[in-house]
2 protein chains.
Amino acid sequence: MNTTFLGSFLDDGPNARPLQWQLIQRLKHAILQGQFPAGGKLPSSRALAEELNISRNTVLIAYEQLTAEGYIIADRQGTRVAQLKSHQGSKHHTDAATALIIKANKNALYAERLKPIAASQRASDRTLPMTLGLPALNHFPIHLWRKAYDRALHEAPAASLGYGNPLGELALRQAIAHHLRISRGVRCEASHIVITEGAQEALSLCVKLFTNPKDTAWVEEPGYRGAKNAFYAGDLNVIAMRVDNDGIVIPPQAWLTHSPRLIQTTPSHQYPTGAVLSITRRLDLIEQARRVGAWIVEDDYDSEFRHQGEPIASMQGLMQDSPVLYVGTFSKTMFPALRLGFLVLPECLTSPALISVISEILRGGHRLEQLAMAHFIESGQFSRHLGRMRRLYRERQYALREALAAHLIVEHQVLGGNSGLHLTVRLPKTVSDQMLVAEALKIGIGPTALSAFAIEPTEEDNGLVIGYGNTSAERFHFLIKQLNNIVCALS
Amino acid sequence: MNTTFLGSFLDDGPNARPLQWQLIQRLKHAILQGQFPAGGKLPSSRALAEELNISRNTVLIAYEQLTAEGYIIADRQGTRVAQLKSHQGSKHHTDAATALIIKANKNALYAERLKPIAASQRASDRTLPMTLGLPALNHFPIHLWRKAYDRALHEAPAASLGYGNPLGELALRQAIAHHLRISRGVRCEASHIVITEGAQEALSLCVKLFTNPKDTAWVEEPGYRGAKNAFYAGDLNVIAMRVDNDGIVIPPQAWLTHSPRLIQTTPSHQYPTGAVLSITRRLDLIEQARRVGAWIVEDDYDSEFRHQGEPIASMQGLMQDSPVLYVGTFSKTMFPALRLGFLVLPECLTSPALISVISEILRGGHRLEQLAMAHFIESGQFSRHLGRMRRLYRERQYALREALAAHLIVEHQVLGGNSGLHLTVRLPKTVSDQMLVAEALKIGIGPTALSAFAIEPTEEDNGLVIGYGNTSAERFHFLIKQLNNIVCALS
């Protein structure tokens, strides 16, 4: 058997990999390429060692490894090459192999459920002025967070590097329960709270835990895209329900014809129109949901930043045992990269059976961040930060309103703004919001098209959703002038 | 209209909430309880202010808030109470409300898909000796990690508090790609890598992206429970494939009768039996998967800790464009609470369309941890840590083997151990592994029952899976003696 091709590759220079490693790789390659015929004997370890001028031990180790991985078979008759299928793969050209996969998948490389998940027109740089959902990043007291994190690291026993409770650190769940009871009127105990990777994982968890594929989910129209994506990803039948000035509108017959399993709503500050869900509708929604066995998913994403009037209390706390899954996040109150959110389960769902299933699905972790966050809340730093940010956002919103009134000469209507980090500006249909946003992106301004929030946009859904959380107040005059120029050019 | 019940609750003591807040709560409560008849006029603001001896402005603000939330309607005829449905909810007793929800849900409070997700017999304290999947927590160089994290915090511009690239920080993706090419033979670029919350999110992502409900997924039997749970949660038809000494066994007709969409496998070190998937089977699996359009999910969970022989290279790198989704994690190489893992997509799947869908599903974040991890790898600290741990785990495994040979007097067979953090010990059927584990837990020892890894356990699946990652070498003699006592008592 010709083995010269083996030796010619062995390199014993100073930076070379160990000889046995090289030999194993070469032998594998030769076998896969068919250079050793299947079933044929390999040279004895002694013969090969002499031929390659290496130690016999090196060859023995290589043969042992190849035997362990199934390339060769060692038995009484010696060492033979295994019967391997011809290695067609390596002969494929990349494109041909891809084509084969695509053909085998009948052109459906990806899951069906991904089809409605529209790619957003989102800028790759998500810190442009007017970007939605961003808090004031450079006003975050990062030095305090460093201290809290370092304290957690310092105090943490080695055990806290492990998985921990899949539902989250008890200290954080206690701190959140206390905070929600006081500031949002949520009825909850620490044991009802599941810590998640931001609101998005909380929504996905609702889908995983409480729906079957093809179940119906109602979403607000226009509404939060993240919720729709989570529902599509869970193979739910997503039905859009229009929103008016009093929040989501449910046609009475819908309870019969499209009975829901989940109802997504942002009652305190509808996303993105800013409507407050009226008490009449809240009570009706709770009563009907209870009757048909649906869960209301209350996404309370920005009510910590209330700018006018008293806080609107949560729907969850409106009455005992409301069929509400309350979702919250620290992405806006702290910072997005923290990825901390939570789900508050109704008491009737906190059975040991469900908790143990959740424990199988979630993995816990991020314990140091959670402990640092708990300390941040308990020490009062969180409340003080919220207070400072509330004032800052109020100023920024005021500046944005002023700039809109002064410089946006096209007829428009400003919606929302009683809380949160964004304003919605409805525009006449003559100005395409998608085109406006595309042009704005070109000059580095990042508002979002209102129509992008709707599954089937109507004329009412034409406009801009403008984030002011991460944009300084003094910039709005310039920015709105710029947008006005684009509007004029488009209309 | 009698309003005395309002005044009697107003408290202006030093720690009281603002009067307007109290007034709003009381008015809401009175309206919800039906103490103000629907459609009835409220007293004028002036009259109420005089009656309660508070400023008229306080009453005006309260009325404004109630109007905004829909409790009252203000029009030309004055201020009237809205027509609300009777507040049945508050009359429900907790149990009655729960019963109603349960009834409406036809006893199916939770998703169907959760049924096969068996609750594990896992100890609540997951740091017991012999616990599976835990690295040596108190040998982790936490001071180096603190430095790396603090450096990331210090260097990070405010922008890095934002969402960031949903696929992960480029620096970390580059560091992982480089590391995988060299140490695992994976063919990849940074652009193929998606950072996930540990291996579990990577598996869930495979399900979300590449399967439809009722698709078939093959899993190793016995095999990794996390994969099965992710597949069940995605409504897949999970089919168990037995494992022998050469890894997963696929009956040829299964490709026709139960053609899979996903094939879960741990080829380098089968979990939990430790078998290495032979090259014959690897090539066959790749060829057949390509033919039917299936994806092989290669979970390479512990191959960094190779104890005997050369590393077994990844299946993904065996040939170009293999239909392999490669999954890895830092839970064992660093620490579980870090929650960092990754998915390597085959090149043909890195189309802009799929990347933008992933960007809609994932949210990025944990940027500081990711930057710290990238630094940890690039600076060589990661490799040095791996080297130290490899030696430590080798010692621990050796001690465990010695202890088993010396003290476990029942007939048994030790499987696996060429890499990783655990050994599997097969036991005779006369000793129930579930009972053995339950008894061990009572005395604070946390091995796992081998049968818990199988969907339909056979006699072969009776035994213990013993983690040695987080248990000191010198403890094994004592621990195995304890287990042996239990075995003797049980048999």
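A brief report on the enclosed structure follows. (Residues numbered from 1 in each chain as written. Chains lettered and ligands numbered in written order. Predicted model: local features only at pLDDT ≥ 70, side-chain atom pairs only at ≥ 80, totals over all residues. Heavy atoms only, no water.)

### Examining helix α10 (residues 225–233) of chain B
No. 1: Summarising burial for α10(B): nine of the nine residues are buried, a large majority.
No. 2: Burial in α10(B) covers these residues: R225(B), G226(B), A227(B), K228(B), N229(B), A230(B), F231(B), Y232(B) and A233(B).
No. 3: Looking at the buried positions of α10(B), the neighbouring elements they touch are α9 (198–210) and α13 (352–361) of chain A together with α9 (198–210), β4 (216–221), β5 (237–244) and β7 (262–265) of chain B. (Buried < 20%, exposed > 50% of the residue type's maximum accessible area, 1.4 Å probe, protein only. Helix = DSSP H or I, 4+ residues; strand = E, 2+ residues; numbered from the N terminus. Contact = heavy atoms within 4.5 Å.)

### Some points on the interface of chain B and chain A
No. 1: Taken residue by residue, the interface counts 122 residues in chain B and 122 residues in chain A.
No. 2: Interface area, chain B with chain A, both sides summed: about 10300 Å², of which 57% is carbon and sulfur.
No. 3: Considering only the surface of chain B that becomes buried against chain A, L161(B), Y163(B) and E360(B) emerge as the three largest contributors, covering 8% of it.
No. 4: At the junction of chain B and chain A, the tally comes to two salt bridges.
No. 5: The partner of D150(B) in a salt bridge is R146(A), and the shortest N-O contact between them spans 2.8 Å.
No. 6: Taken together, the connections running from chain B to chain A amount to 17 residue pairs in polar contact (both at pLDDT 80 or more).
No. 7: A total of nine residues in the side of chain B that touches chain A trace back to one element, the largest contributor, which is helix α12 (residues 279–292) of chain B.
No. 8: Across the side of chain B that touches chain A, the residue classes tally to 57 nonpolar, 39 polar and 26 charged. (Buried area = accessible area lost by both parts, 1.4 Å probe. Salt bridge = Lys/Arg side-chain N within 4 Å of Asp/Glu carboxyl O. Polar contact = N/O pair within 3.5 Å; in protein donor to acceptor, adjacent residues only side chain to side chain. Nonpolar A, V, L, I, M, F, W, Y, C, P; charged D, E, K, R; others polar.)

### Describing the sheet that holds strand β10 (residues 341–344) of chain A
Residue and element names in this part refer to chain A.
No. 1: Strand order in the open sheet formed by eight strands is β3-β10-β9-β8-β7-β4-β5-β6, with mixed pairing between adjacent strands. Each end of this open sheet is capped by a strand with a single partner; those strands are β3 (193–196) and β6 (247–248).
No. 2: For strand β4 (residues 216–221) and strand β7 (residues 262–265), the ladder comprises two bridges, and the chain directions are parallel. By the bridge assignment, W218 is partnered in β7 with I263.
No. 3: Along the sheet, α9 contacts β3, β7, β8 (295–299), β9 (324–329) and β10; its crossing angle with β9, the most-contacted strand, is approximately 155 degrees. (Pairing = 2+ DSSP bridges. Axes fitted to C-alpha atoms, helices over the stretch in contact; angles between N-to-C directions.)

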